[in-house]
Amino acid sequence: MRDTKSILLAGGAGYIGSHICVELLNRDNKYKVIVVDNFSNSNPKVLDRIKDITGKDVKFYEIDTRSNELEKVFKENKIDAVIDLAAYKAVGDSVKNPLKYYNNNLISQMNMLLLMKKYSVNNFVFSSSATVYGEVKADELPINENHPTSTTNPYGSTKLMGEQILQDCSISDPDFNCIVLRYFNPIGAHESGKIGEEAIGIPANVMPYITKVAIGELPYLNIFGNDYDTIDGTGVRDYIHVVDLAKGHVKALERLLNNRIGIEYFNLGAGKGFSVLELIHAFSRAYGKQIEYKIVDRRPGDAAIIYADPSKAKDILNWQVEYSLDDMCRDSWNWQSKNPNGYNI
Ligand SMILES: NC(=O)c1ccc[n+]([C@@H]2O[C@H](COP(=O)([O-])OP(=O)(O)OC[C@H]3O[C@@H](n4cnc5c(N)ncnc54)[C@H](O)[C@@H]3O)[C@@H](O)[C@H]2O)c1
(Lines give C-alpha, C1' and ligand atoms only; values in the text may rest on other atoms or scores of the structure.)
Protein backbone atom coordinates (compact mmCIF):
# COMPACT_ATOMS: atom_id res chain seq x y z
CA MET A 1 0.00 0.00 0.00
CA ARG A 2 1.25 3.49 -0.78
CA ASP A 3 1.96 5.52 2.37
CA THR A 4 1.45 8.94 0.83
CA LYS A 5 -2.15 9.66 -0.12
CA SER A 6 -2.99 11.92 -3.05
CA ILE A 7 -5.66 14.47 -2.27
CA LEU A 8 -7.44 16.43 -4.97
CA LEU A 9 -8.32 19.84 -3.56
CA ALA A 10 -10.89 21.49 -5.83
CA GLY A 11 -11.04 25.24 -5.15
CA GLY A 12 -7.75 24.82 -3.30
CA ALA A 13 -6.43 28.27 -4.24
CA GLY A 14 -9.23 29.96 -2.31
CA TYR A 15 -9.38 31.24 1.25
CA ILE A 16 -10.22 27.98 3.03
CA GLY A 17 -8.59 25.68 0.44
CA SER A 18 -5.18 27.36 0.74
CA HIS A 19 -5.21 26.80 4.51
CA ILE A 20 -6.22 23.15 4.06
CA CYS A 21 -3.38 22.78 1.58
CA VAL A 22 -0.85 24.02 4.17
CA GLU A 23 -2.23 21.71 6.85
CA LEU A 24 -2.03 18.68 4.54
CA LEU A 25 1.50 19.47 3.35
CA ASN A 26 2.64 19.94 6.95
CA ARG A 27 1.75 16.35 7.82
CA ASP A 28 5.19 14.76 7.17
CA ASN A 29 4.65 13.58 3.59
CA LYS A 30 1.42 11.83 4.52
CA TYR A 31 -0.33 13.72 1.74
CA LYS A 32 0.45 14.82 -1.78
CA VAL A 33 -1.82 17.70 -2.78
CA ILE A 34 -3.25 18.30 -6.24
CA VAL A 35 -5.01 21.65 -6.50
CA VAL A 36 -7.56 22.39 -9.21
CA ASP A 37 -8.85 25.95 -9.45
CA ASN A 38 -9.96 28.35 -12.18
CA PHE A 39 -9.01 31.46 -10.13
CA SER A 40 -12.54 32.83 -10.49
CA ASN A 41 -12.21 34.02 -6.88
CA SER A 42 -8.53 33.59 -6.10
CA ASN A 43 -5.04 34.56 -7.15
CA PRO A 44 -2.29 32.37 -8.69
CA LYS A 45 0.23 33.92 -6.28
CA VAL A 46 -1.31 31.93 -3.44
CA LEU A 47 0.57 28.87 -4.73
CA ASP A 48 3.95 30.57 -4.16
CA ARG A 49 2.86 31.57 -0.69
CA ILE A 50 1.90 27.98 0.14
CA LYS A 51 5.37 26.90 -0.97
CA ASP A 52 6.92 29.69 1.15
CA ILE A 53 5.13 28.38 4.22
CA THR A 54 5.57 24.64 3.72
CA GLY A 55 8.68 24.37 1.54
CA LYS A 56 6.72 21.95 -0.60
CA ASP A 57 5.31 21.99 -4.09
CA VAL A 58 1.68 21.58 -4.96
CA LYS A 59 0.71 20.01 -8.24
CA PHE A 60 -1.60 22.52 -9.87
CA TYR A 61 -4.16 22.47 -12.70
CA GLU A 62 -5.88 25.65 -13.86
CA ILE A 63 -9.18 24.05 -14.81
CA ASP A 64 -12.85 24.89 -14.37
CA THR A 65 -14.23 21.90 -12.49
CA ARG A 66 -17.35 21.97 -14.69
CA SER A 67 -15.32 21.31 -17.80
CA ASN A 68 -14.32 18.08 -19.57
CA GLU A 69 -10.70 18.99 -18.87
CA LEU A 70 -11.18 17.81 -15.29
CA GLU A 71 -10.82 14.21 -16.48
CA LYS A 72 -7.15 14.90 -17.22
CA VAL A 73 -6.53 15.24 -13.48
CA PHE A 74 -7.98 11.77 -12.84
CA LYS A 75 -6.07 10.27 -15.78
CA GLU A 76 -2.73 11.69 -14.66
CA ASN A 77 -2.99 11.00 -10.92
CA LYS A 78 -4.03 8.13 -8.72
CA ILE A 79 -6.32 10.03 -6.39
CA ASP A 80 -7.26 8.71 -2.95
CA ALA A 81 -9.72 11.40 -1.88
CA VAL A 82 -11.34 14.61 -3.07
CA ILE A 83 -12.01 17.69 -0.96
CA ASP A 84 -14.45 19.82 -2.95
CA LEU A 85 -14.46 23.53 -2.11
CA ALA A 86 -15.00 24.85 -5.65
CA ALA A 87 -18.11 27.02 -5.45
CA TYR A 88 -19.37 30.58 -5.47
CA LYS A 89 -20.30 31.69 -1.97
CA ALA A 90 -21.81 35.21 -1.89
CA VAL A 91 -25.34 34.98 -0.50
CA GLY A 92 -26.52 38.41 -1.72
CA ASP A 93 -25.14 37.86 -5.22
CA SER A 94 -26.86 34.47 -5.34
CA VAL A 95 -30.22 36.16 -4.76
CA LYS A 96 -29.55 38.46 -7.73
CA ASN A 97 -27.98 35.77 -9.96
CA PRO A 98 -29.38 32.40 -8.92
CA LEU A 99 -28.50 30.56 -12.14
CA LYS A 100 -24.85 31.54 -11.84
CA TYR A 101 -24.81 29.74 -8.47
CA TYR A 102 -26.82 26.67 -9.48
CA ASN A 103 -24.69 26.33 -12.59
CA ASN A 104 -21.31 26.64 -10.92
CA ASN A 105 -21.90 24.94 -7.60
CA LEU A 106 -23.97 21.99 -8.78
CA ILE A 107 -22.52 21.24 -12.21
CA SER A 108 -18.98 21.29 -10.83
CA GLN A 109 -19.96 18.96 -8.01
CA MET A 110 -21.72 16.52 -10.37
CA ASN A 111 -18.84 16.54 -12.84
CA MET A 112 -16.49 15.69 -9.97
CA LEU A 113 -18.70 12.89 -8.66
CA LEU A 114 -19.13 11.35 -12.12
CA LEU A 115 -15.38 11.29 -12.64
CA MET A 116 -14.81 9.88 -9.18
CA LYS A 117 -17.17 7.06 -10.03
CA LYS A 118 -15.49 6.47 -13.38
CA TYR A 119 -12.02 6.31 -11.79
CA SER A 120 -13.14 4.44 -8.65
CA VAL A 121 -12.29 7.26 -6.25
CA ASN A 122 -14.63 6.82 -3.31
CA ASN A 123 -13.63 9.32 -0.62
CA PHE A 124 -15.27 12.74 -0.74
CA VAL A 125 -15.26 15.71 1.66
CA PHE A 126 -17.87 18.34 0.87
CA SER A 127 -17.79 22.01 1.93
CA SER A 128 -21.25 22.70 3.21
CA SER A 129 -22.43 25.49 5.42
CA ALA A 130 -24.47 26.31 8.51
CA THR A 131 -26.75 28.10 6.06
CA VAL A 132 -28.44 24.71 5.43
CA TYR A 133 -30.07 25.04 8.86
CA GLY A 134 -32.28 27.80 7.42
CA GLU A 135 -34.04 30.01 9.95
CA VAL A 136 -32.98 29.17 13.49
CA LYS A 137 -35.05 30.02 16.56
CA ALA A 138 -33.47 30.93 19.90
CA ASP A 139 -34.84 27.83 21.66
CA GLU A 140 -33.13 25.57 19.05
CA LEU A 141 -29.59 26.56 20.06
CA PRO A 142 -26.96 25.26 19.92
CA ILE A 143 -27.64 23.72 16.50
CA ASN A 144 -26.68 20.09 16.13
CA GLU A 145 -26.52 18.06 12.91
CA ASN A 146 -30.06 16.74 13.38
CA HIS A 147 -31.59 20.20 13.15
CA PRO A 148 -34.04 20.28 10.20
CA THR A 149 -32.53 21.70 7.02
CA SER A 150 -34.00 24.37 4.76
CA THR A 151 -32.67 27.38 2.91
CA THR A 152 -33.35 31.08 2.63
CA ASN A 153 -31.32 31.90 -0.52
CA PRO A 154 -30.04 30.27 -3.75
CA TYR A 155 -26.50 29.84 -2.39
CA GLY A 156 -27.88 27.88 0.55
CA SER A 157 -30.03 25.86 -1.85
CA THR A 158 -26.93 24.81 -3.80
CA LYS A 159 -25.39 23.52 -0.58
CA LEU A 160 -28.54 21.69 0.46
CA MET A 161 -29.00 20.20 -3.02
CA GLY A 162 -25.32 19.25 -2.97
CA GLU A 163 -25.91 17.39 0.28
CA GLN A 164 -28.98 15.67 -1.21
CA ILE A 165 -26.94 14.50 -4.22
CA LEU A 166 -24.36 13.02 -1.85
CA GLN A 167 -27.04 11.32 0.22
CA ASP A 168 -28.43 9.70 -2.94
CA CYS A 169 -24.94 8.62 -4.07
CA SER A 170 -24.41 7.06 -0.67
CA ILE A 171 -27.69 5.14 -0.84
CA SER A 172 -26.96 3.85 -4.34
CA ASP A 173 -23.28 2.96 -3.87
CA PRO A 174 -22.03 1.14 -0.77
CA ASP A 175 -18.42 2.03 -1.64
CA PHE A 176 -19.09 5.77 -1.63
CA ASN A 177 -17.51 7.25 1.49
CA CYS A 178 -18.41 10.83 2.28
CA ILE A 179 -18.14 13.48 4.99
CA VAL A 180 -20.21 16.65 4.77
CA LEU A 181 -18.69 19.51 6.78
CA ARG A 182 -21.05 22.31 7.73
CA TYR A 183 -18.89 25.36 8.41
CA PHE A 184 -19.96 28.17 10.67
CA ASN A 185 -18.16 31.54 10.15
CA PRO A 186 -14.49 31.13 9.22
CA ILE A 187 -12.29 34.17 9.88
CA GLY A 188 -8.60 34.67 10.66
CA ALA A 189 -5.60 33.70 8.58
CA HIS A 190 -2.43 31.64 8.74
CA GLU A 191 -0.16 32.97 11.51
CA SER A 192 2.61 33.69 8.98
CA GLY A 193 0.45 36.39 7.39
CA LYS A 194 1.29 34.91 3.98
CA ILE A 195 -2.16 33.55 3.15
CA GLY A 196 -5.61 34.86 4.10
CA GLU A 197 -8.93 35.99 2.72
CA GLU A 198 -8.56 38.25 -0.31
CA ALA A 199 -11.94 39.87 -0.65
CA ILE A 200 -12.45 41.31 -4.12
CA GLY A 201 -14.66 44.45 -4.17
CA ILE A 202 -17.09 45.12 -1.31
CA PRO A 203 -16.84 42.14 1.03
CA ALA A 204 -19.98 40.16 1.76
CA ASN A 205 -18.66 38.87 5.11
CA VAL A 206 -18.04 40.85 8.26
CA MET A 207 -14.30 40.20 8.90
CA PRO A 208 -12.98 41.19 5.47
CA TYR A 209 -15.22 44.25 5.74
CA ILE A 210 -13.66 45.17 9.10
CA THR A 211 -10.12 44.68 7.79
CA LYS A 212 -10.89 46.92 4.80
CA VAL A 213 -12.10 49.60 7.23
CA ALA A 214 -8.84 49.13 9.16
CA ILE A 215 -6.69 49.82 6.08
CA GLY A 216 -8.86 52.82 5.13
CA GLU A 217 -10.37 51.27 2.01
CA LEU A 218 -13.88 51.50 3.48
CA PRO A 219 -15.01 54.25 5.90
CA TYR A 220 -16.95 52.23 8.50
CA LEU A 221 -18.74 48.96 9.12
CA ASN A 222 -22.53 48.82 8.90
CA ILE A 223 -24.03 46.86 11.77
CA PHE A 224 -27.43 45.55 10.77
CA GLY A 225 -29.56 46.12 13.87
CA ASN A 226 -28.76 46.64 17.55
CA ASP A 227 -32.14 45.72 18.99
CA TYR A 228 -31.89 41.92 18.93
CA ASP A 229 -32.35 39.97 22.13
CA THR A 230 -28.59 39.46 22.63
CA ILE A 231 -25.88 40.62 25.02
CA ASP A 232 -25.61 44.05 23.38
CA GLY A 233 -28.41 44.00 20.80
CA THR A 234 -26.21 43.05 17.83
CA GLY A 235 -26.35 39.68 16.05
CA VAL A 236 -24.38 36.79 17.53
CA ARG A 237 -22.49 34.30 15.34
CA ASP A 238 -20.14 31.37 15.79
CA TYR A 239 -16.70 32.40 14.48
CA ILE A 240 -14.06 29.77 13.76
CA HIS A 241 -10.38 30.30 12.95
CA VAL A 242 -9.69 29.17 9.38
CA VAL A 243 -6.72 27.09 10.58
CA ASP A 244 -8.99 25.22 13.02
CA LEU A 245 -11.37 24.69 10.11
CA ALA A 246 -8.54 23.38 7.92
CA LYS A 247 -7.48 20.96 10.67
CA GLY A 248 -11.06 19.69 10.79
CA HIS A 249 -10.67 18.69 7.12
CA VAL A 250 -7.53 16.72 7.90
CA LYS A 251 -9.41 14.86 10.64
CA ALA A 252 -12.30 14.18 8.26
CA LEU A 253 -9.88 12.83 5.65
CA GLU A 254 -8.21 10.55 8.20
CA ARG A 255 -11.60 9.13 9.09
CA LEU A 256 -12.55 8.54 5.47
CA LEU A 257 -9.24 6.94 4.55
CA ASN A 258 -9.39 4.53 7.47
CA ASN A 259 -13.08 3.64 7.67
CA ARG A 260 -16.08 2.77 5.55
CA ILE A 261 -18.70 5.17 6.90
CA GLY A 262 -21.21 5.78 4.11
CA ILE A 263 -22.13 9.42 4.70
CA GLU A 264 -21.67 11.51 7.84
CA TYR A 265 -22.37 15.15 8.67
CA PHE A 266 -20.36 17.33 11.05
CA ASN A 267 -20.67 20.91 12.28
CA LEU A 268 -17.36 22.73 12.32
CA GLY A 269 -17.82 25.64 14.69
CA ALA A 270 -16.51 26.89 18.01
CA GLY A 271 -19.70 26.12 19.90
CA LYS A 272 -20.11 29.64 21.21
CA GLY A 273 -21.23 32.92 19.76
CA PHE A 274 -19.88 36.44 19.78
CA SER A 275 -21.83 39.59 18.94
CA VAL A 276 -20.78 41.91 16.13
CA LEU A 277 -19.81 44.51 18.74
CA GLU A 278 -17.71 41.95 20.62
CA LEU A 279 -16.00 41.11 17.33
CA ILE A 280 -15.33 44.79 16.61
CA HIS A 281 -13.92 45.35 20.10
CA ALA A 282 -11.67 42.29 19.80
CA PHE A 283 -10.45 43.42 16.38
CA SER A 284 -9.88 46.97 17.67
CA ARG A 285 -7.65 45.54 20.42
CA ALA A 286 -5.54 43.73 17.81
CA TYR A 287 -5.52 46.78 15.53
CA GLY A 288 -4.69 49.25 18.29
CA LYS A 289 -7.43 51.69 17.26
CA GLN A 290 -11.22 51.70 17.31
CA ILE A 291 -12.93 50.42 14.16
CA GLU A 292 -15.62 52.88 13.08
CA TYR A 293 -19.14 51.53 12.69
CA LYS A 294 -22.71 52.68 12.14
CA ILE A 295 -25.90 51.01 13.27
CA VAL A 296 -28.34 50.58 10.38
CA ASP A 297 -31.63 48.69 9.96
CA ARG A 298 -31.85 44.96 10.45
CA ARG A 299 -31.53 42.81 7.31
CA PRO A 300 -34.58 40.69 6.58
CA GLY A 301 -33.96 37.03 7.38
CA ASP A 302 -31.03 37.58 9.78
CA ALA A 303 -31.38 35.53 12.98
CA ALA A 304 -30.43 37.08 16.33
CA ILE A 305 -28.15 34.26 17.46
CA ILE A 306 -26.64 31.24 15.70
CA TYR A 307 -23.99 28.95 17.10
CA ALA A 308 -23.02 25.33 16.65
CA ASP A 309 -23.10 22.28 18.79
CA PRO A 310 -19.70 20.87 17.67
CA SER A 311 -19.76 17.88 20.06
CA LYS A 312 -20.20 15.29 17.29
CA ALA A 313 -16.95 16.45 15.64
CA LYS A 314 -15.24 16.30 19.02
CA ASP A 315 -16.50 12.79 19.80
CA ILE A 316 -15.99 11.18 16.38
CA LEU A 317 -13.29 13.21 14.63
CA ASN A 318 -11.40 14.10 17.81
CA TRP A 319 -11.47 17.71 16.66
CA GLN A 320 -12.19 20.94 18.47
CA VAL A 321 -11.20 24.55 18.04
CA GLU A 322 -7.94 25.75 19.55
CA TYR A 323 -7.94 29.44 18.64
CA SER A 324 -9.76 32.23 20.53
CA LEU A 325 -11.57 35.26 19.14
CA ASP A 326 -8.51 37.40 19.95
CA ASP A 327 -6.31 34.97 17.97
CA MET A 328 -8.68 35.20 15.00
CA CYS A 329 -8.62 39.01 15.07
CA ARG A 330 -4.82 39.14 15.50
CA ASP A 331 -4.30 36.85 12.51
CA SER A 332 -6.86 38.61 10.31
CA TRP A 333 -5.15 41.94 10.99
CA ASN A 334 -1.67 40.44 10.54
CA TRP A 335 -2.68 39.14 7.09
CA GLN A 336 -4.43 42.35 6.01
CA SER A 337 -1.74 44.72 7.28
CA LYS A 338 1.02 42.73 5.55
CA ASN A 339 -1.03 42.46 2.34
CA PRO A 340 -3.13 45.63 1.97
CA ASN A 341 -3.73 44.74 -1.68
CA GLY A 342 -4.20 41.05 -1.05
CA TYR A 343 -1.82 38.95 -3.11
CA ASN A 344 -1.12 41.86 -5.49
CA ILE A 345 1.71 43.54 -3.61
N1 LIG B 1 -16.05 31.34 3.64
C2 LIG B 1 -17.17 31.03 4.24
O3 LIG B 1 -17.70 31.82 5.04
C4 LIG B 1 -17.84 29.71 3.98
C5 LIG B 1 -18.83 29.24 4.87
C6 LIG B 1 -19.45 28.02 4.61
C7 LIG B 1 -19.11 27.30 3.48
N8 LIG B 1 -18.16 27.79 2.62
C9 LIG B 1 -17.83 27.00 1.43
O10 LIG B 1 -16.46 26.65 1.48
C11 LIG B 1 -15.93 26.59 0.15
C12 LIG B 1 -14.68 27.46 0.07
O13 LIG B 1 -15.01 28.76 0.48
P14 LIG B 1 -13.92 29.93 0.50
O15 LIG B 1 -14.36 30.90 1.52
O16 LIG B 1 -12.57 29.38 0.52
O17 LIG B 1 -14.23 30.57 -0.92
P18 LIG B 1 -13.21 31.06 -2.05
O19 LIG B 1 -14.03 31.76 -3.07
O20 LIG B 1 -12.07 31.78 -1.44
O21 LIG B 1 -12.67 29.66 -2.63
C22 LIG B 1 -13.35 28.95 -3.61
C23 LIG B 1 -12.34 28.61 -4.69
O24 LIG B 1 -13.00 27.84 -5.70
C25 LIG B 1 -12.62 28.34 -6.97
N26 LIG B 1 -13.70 27.99 -7.89
C27 LIG B 1 -15.00 28.38 -7.86
N28 LIG B 1 -15.67 27.81 -8.87
C29 LIG B 1 -14.79 27.03 -9.54
C30 LIG B 1 -14.89 26.19 -10.69
N31 LIG B 1 -16.03 26.03 -11.35
N32 LIG B 1 -13.77 25.55 -11.10
C33 LIG B 1 -12.59 25.68 -10.44
N34 LIG B 1 -12.45 26.46 -9.37
C35 LIG B 1 -13.54 27.13 -8.92
C36 LIG B 1 -12.40 29.82 -6.78
O37 LIG B 1 -11.53 30.38 -7.75
C38 LIG B 1 -11.79 29.86 -5.38
O39 LIG B 1 -10.37 29.74 -5.45
C40 LIG B 1 -17.05 27.01 -0.78
O41 LIG B 1 -17.66 25.85 -1.26
C42 LIG B 1 -17.99 27.77 0.13
O43 LIG B 1 -19.30 27.73 -0.33
C44 LIG B 1 -17.51 28.95 2.85
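What you see is a predicted model, and the numbers here were worked out from it, not measured in a lab.

### Considering the overall build of the protein
Right, on to step 1. Counting its regular elements, the protein contains eleven helices and 13 strands.
Right, on to step 2. Against the 2.2 N^0.38 benchmark of 20 Å for 345 residues, the protein shows a C-alpha radius of gyration of 19 Å, consistent with a compact globule.
Right, on to step 3. Principal axes of the C-alpha set define a box for the protein whose edges measure 55 × 45 × 40 Å.
Right, on to step 4. Within the protein, contacts between residues at least 6 apart in sequence are counted, and of these 80% link residues at least 24 apart.

### A few points about the site of the ligand
Right, on to step 1. Taken together, the neighbourhood of the ligand is formed by 29 residues, with Asp37, Asn41, Ser42, Lys89 and Tyr155 sitting nearest.
Right, on to step 2. Ser40 is positioned such that a nitrogen or oxygen atom in its backbone is 3.0 Å from an oxygen atom of the ligand.
Right, on to step 3. Contacts to the ligand include Asn104, whose side-chain N or O atom sits 2.7 Å from a nitrogen atom.
Right, on to step 4. Burial of the ligand by the protein amounts to 96% of the accessible area it has alone, namely 810 Å².
Right, on to step 5. Of all the elements, strand 5 (residues 123-129) adds the most residues to the shell around the ligand, at three residues.
Right, on to step 6. Grouping the amino acids of the shell around the ligand by side-chain chemistry returns twelve nonpolar, twelve polar and five charged.

### Notes on the packing of helix 7 (residues 206-214) against helix 9 (residues 276-287)
Right, on to step 1. Helix 9 packs onto helix 7 with a crossing angle of 40 degrees between their chain directions and a minimal axis gap of 11 Å. Comparing their axes, helix 9 and helix 7 come out oblique. Of the two elements, helix 7 crosses helix 9, and the hand of that crossing is right-handed. Facing helix 7, whose interface residues are Val206, Met207, Ile210, Thr211 and Ala214, helix 9 presents Leu279, Ile280, Phe283 and Tyr287.

### Topic: the nonpolar core
Right, on to step 1. Core analysis: the biggest nonpolar cluster contains 44 residues, and Leu24 and Ile83 have the highest contact counts within it.
Right, on to step 2. In terms of residue count, helix 8 (residues 242-258) provides more of this core than any other element does, eight residues in total.
Right, on to step 3. Core analysis: the second largest hydrophobic core is formed by 25 residues, Leu8, Ile34, Leu70 and Phe74 among them.

### Some points on the state of the cysteines
Right, on to step 1. Here the structure, examined in full by the defined rule, presents zero disulfides.
Right, on to step 2. Residue Cys169 stays outside any disulfide, its sulfur separated by 8.2 Å from that of Cys178, the closest cysteine.

### A few points about helix 7
Residues that lie three or four places apart on an α-helix share one face, since the helix turns once every 3.6 residues.
Right, on to step 1. Across the nine residues that make up helix 7, a large majority, eight, are buried.
Right, on to step 2. Among the residues making up helix 7, those that are buried are Met207, Pro208, Tyr209, Ile210, Thr211, Lys212, Val213 and Ala214.
Right, on to step 3. Tucked inside the fold, the buried residues of helix 7 contact strand 7 (185-187), strand 8 (221-224), helix 9 and helix 11 (325-338).
Right, on to step 4. A positive backbone phi angle near 85 degrees is found at Gly216, which sits one or two residues after helix 7.

### Topic: the pairing of strand 11 (residues 263-268)
Right, on to step 1. The buried fraction of strand 11 is high, at six of six residues.
Right, on to step 2. The alternating pattern of strand 11 places Ile263, Tyr265 and Asn267 on one face and Glu264, Phe266 and Leu268 on the opposite face, and all of these are buried.
Right, on to step 3. Alignment of strand 6 (residues 177-183) against strand 11, held across six bridges, turns out to be parallel. Bridge pairing in strand 11 places Ile179 opposite Glu264.

### Remarks on the UniProt feature "domain: NAD(P)-binding" (unreviewed entry) in the protein
Right, on to step 1. Within this numbering scheme, the UniProt entry marks residues 8-331 as carrying the feature "domain: NAD(P)-binding" (unreviewed entry).
Right, on to step 2. The span residues 8-331 shows a helical share of 39% and a strand share of 17%, and its end C-alpha atoms are spaced 27 Å apart.

### Some details on the sheet that holds strand 4 (residues 81-84)
Right, on to step 1. Strand order in the open sheet formed by seven strands is 3-2-1-4-5-6-11, and the pairing between neighbours is parallel. Two strands bound the open sheet, and with one partner strand each, they are strand 3 (59-62) and strand 11. Averaged over all pairs of adjacent strands, the angle between their axes in this sheet comes to 20 degrees, without regard to strand direction.
Right, on to step 2. Bridge count between strand 5 and strand 6: seven bridges; the pairing is parallel. Counted as the bridge partner of Phe126 is Val180 from strand 6.
Right, on to step 3. Along the sheet face, helix 1 (residues 15-25) touches strand 1 (5-10), strand 2 (31-37), strand 4 and strand 6 and points at about 165 degrees away from the line of strand 2.
Right, on to step 4. Its contacts with the sheet put helix 5 (residues 98-118) on strand 1, strand 4 and strand 5, and the angle it makes with strand 5 is roughly 165 degrees.

### Considering helix 5
Right, on to step 1. Taking 1.5 Å of rise per residue, 21 residues should cover 30 Å, and helix 5 covers 30 Å from first to last C-alpha, within 8% of that figure.
Right, on to step 2. Tyr101, Asn104, Asn105, Leu106, Ser108, Gln109, Asn111, Met112, Leu113, Leu115 and Met116 are the residues of helix 5 that are buried.
Right, on to step 3. Contacts from the buried residues of helix 5 go to strand 1, helix 3 (70-76), strand 4, helix 4 (91-96), strand 5 and helix 6 (154-172).
Right, on to step 4. Immediately beyond the C-terminal end of helix 5, within one or two residues, lies Ser120, with a positive phi of roughly 50 degrees.

Procedures and definitions
Residues numbered from 1 in each chain as written. Predicted model: local features only at pLDDT ≥ 70, side-chain atom pairs only at ≥ 80, totals over all residues. Heavy atoms only, no water. Helix = DSSP H or I, 4+ residues; strand = E, 2+ residues; numbered from the N terminus. Rg over C-alpha atoms; globule rule 2.2 N^0.38 Å. Contact = heavy atoms within 4.5 Å. Near = heavy atom within 4 Å. Polar contact = N/O pair within 3.5 Å; in protein donor to acceptor, adjacent residues only side chain to side chain. Areas by Shrake-Rupley, 256 points an atom, 1.4 Å probe, with all protein chains shown as cover. Nonpolar A, V, L, I, M, F, W, Y, C, P; charged D, E, K, R; others polar. Axes fitted to C-alpha atoms, helices over the stretch in contact; angles between N-to-C directions. Parallel < 35°, antiparallel > 145°, perpendicular 65-115°, else oblique. Left-handed = near helix turned anticlockwise from the far one by under 90°. Core = buried A, V, L, I, M, F, W, Y, C linked by side-chain atoms within 4.5 Å. Buried < 20%, exposed > 50% of the residue type's maximum accessible area, 1.4 Å probe, protein only. Disulfide = S-S within 2.5 Å. Pairing = 2+ DSSP bridges. UniProt positions renumbered as here; feature names shortened; annotations may be inferred. Expected span 1.5 Å × (residues − 1).

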